[in-house]
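Residue strings, one per chain:
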Amino acid sequence: MTHENAPLPVESAAPLVSVENLSVTFRSPDKTVTVVNDVSFTLREGEALCLLGESGSGKTVTMRSLMRLLPPTAHYTGRIRLRGIDVLALKAGQLSGIRGSLVSMIFQEPMTALDPVFTIGQQIAETVRRHDGVSHAAARTRALDLLELVQIPSARRRLDAYPFELSGGLRQRAMIALALSCRPRILLADEPTTALDATVQIQVLLLLRSLQRELGMSTIFVTHDLGVACEVADRVAIMYAGRFVEHGAVDDVLTHAAHPYTEGLLHSTVHAERQGGRLEPIAGSPPDLAALPPGCSFEPRCVFARAACRAGMPPLSERGAGQLARCIRGSSIHEASAPVYDAEASL
Amino acid sequence: MTDQTLSLPLTERPAAIRPSTSYWSGVRRRLARDPVTMICAAILLVILAAVIFAPLLFPLDPYKTSMIRRLKPPGTPGFLLGTDELGRDMLARLIHGGRLSLFMGFAPVLVATCIGATLGIIAGYAGGAVNMGIMRIMDVFYAFPSVLLAVAISGALGPGIINGLFALTLVFIPPITRVAESVTTQIRAQDFVDAARATGASATRIVTGHVLSNVAGPILVYAAGLISVSIIIASGLSFLGLGVSPPTPEWGLMLSAMRQAIYVAPVNAVLPGAMIFIVSICFNMMSDGVRSAMDVRA
């Protein structure tokens, strides 16, 4: 606890979030599983990134490692810097110095992410008081402001409501208010709308989008819903088996996907333009992370697979303005036998 | 957003936004509507009041013996509930005995709850080796049936109230620890603990704030159920001559002493047992009622 007040080392003029070659490995007595593998990205002030992928692709783990919110069995390698602070080098006691104030998080299931025995107001006010050291009354006023900020109707009465008294949408708004209570610069949202029904989903997404712009926060969304990604993000990263397989601006990635997996995702999603057509599923299922195929992890399910794909994991290669894809098809190294250009090195 | 709600007709407002001290007032309302719990609470209250205040208000002598008026039936003038095998006033002895019996019911559970809850929360929250250490020690105590353990400990320490209290406390620590540990383990896995960490709360803050307030309910309900067990085991110890020693009035000891008179004066002989029975069943039913009244969130 003595570390809490120690000044954190800050380097200026760095991007707000910078992740370099992050790998997260879970070690248990019987096996070692690398859940996140060599992930790199940066995020500028006010930018929204969406991590997209199916269950078990490592999106949540990637996001949680930004605030080291993983069980102690997790081992990190690589580097995570938030506003220049090296998160992985912080001592356990120093973590509370960045959690909440620099980086904060919204959870998927607002019912379980709010403490059932305290009212919404108590939970927000307690966090405010802990961080800002203000009086009870001031914290309560701030809690009320926050509930109004997230557009909870009759906010004054909702302050004294317990989580179980609120509807799913209101609960998620309260969760957002709690996450915003210490004015974070980076907001992490772990499938913030998955537990909500479709009509409420879009309201919450629009709210998040407008809050992000209004408060100038950087946001990282985790989702498996392409629609959500289009709605909220500036950039999108597609994850498969713990790696980024494609990364770029939302419009670029969704209009001309470079990786077969991204294409597969797009084809298996309902679009307005493709109404009436049959959806094309991606054949097969995601690989076991403890026993990945020797080459490209997507190769066993890929319609374009060929012998070269089994030779090794292709590097992320550039496909136009800032778009990266991890596939040998259509890359500048298309038919080359060995990778000649490692995009990550130039990031 | 605000415009939308204003345009909602009042009748369509969800019930939830009624001004809300609602959780506890809801608990109170549900309790008031539960006749069994209310009756049990009333009986316990009457017994508790009698045990605490009657000796202060009326001249009751539980020790005055008389060979002439032994085993008089209930209703004898001057002896509302009759007399025991040494001619002592049963009512006076039951009331004075209740003080000790109820104290033997509450005190060990109270102490064991404090110790057990602390150990259980530490074990549940810390996990790993700490959990292993604490819970395996508890398992050792758990291996013995509770009555046998209480008899063994107070047998080893010798008779006496203090030793009896100590034995009972030791008997109740493991089950309370186990309940606290399992509830804490569940709570710890909940997202709101992660959420608290994500807003920068320290481990101490999470335990004293979030874990304790969530764990307190189940532990207290469980402990309330143990009070009756404690009364029964305490009476059992006295019955076996290990707890309180004569002539001190205590329900279990009275039951033991009167059992030879069961054919001569059955009603008198059964009275202490009836008191033990009534008090324990009332405690059990009341803790059940409180549990279901508090349990809306699940």
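Criteria and thresholds
- Residues numbered from 1 in each chain as written.
- Chains lettered and ligands numbered in written order.
- Predicted model: local features only at pLDDT ≥ 70, side-chain atom pairs only at ≥ 80, totals over all residues.
- Heavy atoms only, no water.
- Helix = DSSP H or I, 4+ residues; strand = E, 2+ residues; numbered from the N terminus.
- Rg over C-alpha atoms; globule rule 2.2 N^0.38 Å.
- Buried < 20%, exposed > 50% of the residue type's maximum accessible area, 1.4 Å probe, protein only.
- Contact = heavy atoms within 4.5 Å.
- Lys, Arg positive; Asp, Glu negative; His and termini not counted.
- Charge placed at Lys NZ, Arg CZ, Asp CG, Glu CD.
- Expected span 1.5 Å × (residues − 1).
- Bend = angle between axes of the 7 residues up to and from the residue.
- Buried area = accessible area lost by both parts, 1.4 Å probe.
- Salt bridge = Lys/Arg side-chain N within 4 Å of Asp/Glu carboxyl O.
- Axes fitted to C-alpha atoms, helices over the stretch in contact; angles between N-to-C directions.
- Left-handed = near helix turned anticlockwise from the far one by under 90°.
- Nonpolar A, V, L, I, M, F, W, Y, C, P; charged D, E, K, R; others polar.
- Core = buried A, V, L, I, M, F, W, Y, C linked by side-chain atoms within 4.5 Å.
- Pairing = 2+ DSSP bridges.
- Domains from an automatic or database assignment.
- Polar contact = N/O pair within 3.5 Å; in protein donor to acceptor, adjacent residues only side chain to side chain.
- 1 Å grid on protein atoms, 1.4 Å probe; cavity = no way out; pocket = protein on both sides within 12 Å on 5 of 7 lines; lining within 4 Å.
- Points joined across faces, edges and corners; volume = space filled by probe spheres on them.

Student: Explanation requested: the overall build of chain B in the structure shown.
Tutor: Assigned secondary structure in chain B consists of eleven helices and zero strands. The globule rule puts the C-alpha radius of gyration for 298 residues at 19 Å, and the 24 Å found for chain B is more than 25% above it. By principal-axis analysis of the C-alpha atoms, chain B measures approximately 85 × 55 × 30 Å. Across the 298 residues that make up chain B, the buried fraction comes to 46%. A separation threshold of at least 6 residues defines the contact pool for chain B, and within that pool the share at least 24 residues apart is 72%. For chain B, the distance from the average position of its 21 positive side-chain charges to the average position of its 14 negative side-chain charges is 5 Å.

Student: So what exactly am I meant to see when it comes to the overall build of chain A here?
Tutor: Broken down by element type, chain A carries eleven helices and twelve strands. Counting over 347 residues, chain A shows a buried share of 53%. Nonlocal contacts in chain A, meaning residues at least 24 apart in sequence, comprise 65% of its contacts between residues at least 6 apart.

Student: Looking at this structure, I do not really get helix H4 (residues 90–126) of chain B. What am I missing?
Tutor: Because each turn of an α-helix spans 3.6 residues, side chains separated by three or four positions in sequence point in the same direction. Residues and elements named next belong to chain B. A rise of 1.5 Å per residue sets the reference length of H4, with its 37 residues, at 54 Å; its end C-alpha atoms lie 52 Å apart and thus fit the reference within 8%. At Gly98, H4 shows its maximal bend, which comes to roughly 25°. Gly127 lies just past H4 and shows a positive phi near 65°.

Student: Can you walk me through the interface of chain A and chain B in this structure?
Tutor: When the parts of a complex come together, some accessible area is lost, and that lost area is often taken as the interface size. At the junction of the two partners, chain A supplies 37 residues and chain B supplies 29 residues. Taking both partners together, chain A and chain B bury about 2800 Å²; carbon and sulfur atoms supply 58% of that area. Three residues stand out in chain A for area buried against chain B, namely A:Arg130, A:Arg157 and A:Glu165, and they jointly supply 19% of the buried area on that side. Summed over the shared surface of chain A and chain B, the result is two salt bridges. Broken down by secondary-structure element, the contributors of at least two residues to the side of chain A that touches chain B are strand S6 (103–106), helix H3 (110–113), helix H4 (120–132), helix H6 (155–158) and helix H7 (168–180) of chain A. By residue number, the principal contributor to the side of chain A that touches chain B is H4(A), which donates four residues.

Student: Could you clarify how one ought to interpret the packing of H4(A) against helix H5 (residues 136–149) of chain A in this entry?
Tutor: Packed helix pairs are characterised by how far apart their axes lie and by the angle those axes make with each other. Residues and elements named next belong to chain A. Two elements in contact, H4 and H5, have axes whose closest approach is 8 Å; the angle formed by their N-to-C orientations is 115°. Crossing of H4 over H5 shows right-handed handedness. Of the residues in H5, those in contact with Ile120, Gly121, Ile124, Ala125, Val128 and Arg129 of H4 are His136, Ala139, Arg140, Arg142, Ala143, Leu146 and Leu147. Looking at the contact of H4 with H5 residue by residue, the classes come out as eight nonpolar, two polar and three charged.

Student: Can you walk me through the nonpolar core in this structure?
Tutor: The nonpolar side chains of a soluble globular protein tend to be buried with one another. Ranked by internal contacts, the top residues of the largest apolar core, which has 104 residues, are A:Val17, A:Leu82, A:Ile98, A:Ile124, A:Ile176, A:Leu188 and A:Ile220. With eight residues, the single largest contributor to this core is H7(A). Sequence-distant contacts of A:Ile124, defined by excluding residues within four places in its chain, comprise A:Ala143, A:Leu146, A:Leu147, A:Ala174, A:Ala177, A:Leu178 and A:Ser181. Judged by nonpolar contacts, the second largest core, of 61 residues, contains B:Cys40, B:Met104, B:Ile219 and B:Val279.

Student: How should I be thinking about the environment of B:Leu242 in this particular structure?
Tutor: Residue and element names in this part refer to chain B. Among the structural elements, Leu242 can be located in the loop between helix H9 (203–239) and helix H10 (251–258). For Leu242, a relative accessible area of 16% corresponds to the buried category. Look past the residues within four positions of Leu242 in its chain and what remains in contact with it is Val151, Ser154, Gly155, Gly158, Pro159, Gly160 and Leu237.

Student: Would you take a moment to explain the sheet that holds strand S1 (residues 17–27) of chain A for this structure?
Tutor: Backbone hydrogen bonds are what pair the strands of a sheet, in a parallel or an antiparallel way. Residue and element names in this part refer to chain A. Read across the open sheet, the four strands follow the order S2-S1-S4-S5; overall the sheet is antiparallel. Because the sheet does not close on itself, it has two edges, and the strands there are strand S2 (32–43) and strand S5 (85–86). As paired strands, S1 and strand S4 (residues 74–82) are joined by eight bridges and run antiparallel to one another. In the strand pairing of S4, Ser18 is matched with Arg81.

Student: Looking at this structure, how should I read the domain arrangement of chain A?
Tutor: All names here are of chain A. One can read the domain layout of chain A as domain 1 (2–233) and domain 2 (263–270 + 280–347). The partner domain 2 presents ten residues to the eleven residues of domain 1 that form the contact. Buried area between domain 1 and domain 2, both sides added, is near 840 Å², and the carbon and sulfur share of it is 61%. Where domain 1 packs against domain 2, one counts one salt bridge. Here Arg301 makes a salt bridge to Glu54, at a shortest N to O gap of 3.3 Å. Taken together, the connections running from domain 1 to domain 2 amount to one residue pair in polar contact (both at pLDDT 80 or more). With five residues, S2 is the single largest residue contributor to the side of domain 1 that touches domain 2.

Student: Mind showing me how you'd approach the sheet that holds strand S9 (residues 235–240) of chain A here?
Tutor: All names here are of chain A. Taking strand neighbours across the sheet as the criterion, the eight strands line up as S6-S7-S8-S3-S9-S10-S12-S11 in an open arrangement whose pairing is mixed. Strands with a single pairing partner mark the edges of an open sheet, and in this sheet they are S6 and strand S11 (317–318). Inspection of the sheet shows strand S10 (residues 243–249) paired to strand S12 (residues 324–325) by two bridges, in the antiparallel sense. Its bridge partner being in S12, Glu246 is matched across the sheet by Ala325.

Student: Explanation requested: empty space enclosed by the protein in the structure shown.
Tutor: Remark: the empty space left among the atoms is shown by a probe the size of a water molecule rolled over them. Per the stated rule, a full pass over the model turns up four cavities of 30 Å³ or more. Put simply, the largest cavity is a space of about 80 Å³. Listed by contribution, the elements that provide at least two residues to the lining of the largest cavity are H4 of chain A together with helix H8 (191–198) of chain B. Here the element with the most residues in the lining of the largest cavity is H4(A); it accounts for four residues. Across the lining of the largest cavity, the residue classes break down as five nonpolar, four polar and three charged. Of the volumes computed, that of the second largest cavity is approximately 60 Å³. In terms of lining residues, the second largest cavity is bounded by A:His259, A:Pro260, A:Cys296, A:Phe298, A:Glu299, A:Cys302, A:Cys309, A:Pro314, A:Cys327 and A:Ile328. Of the residues that constitute the lining of the second largest cavity, the class distribution is eight nonpolar, one polar and one charged.

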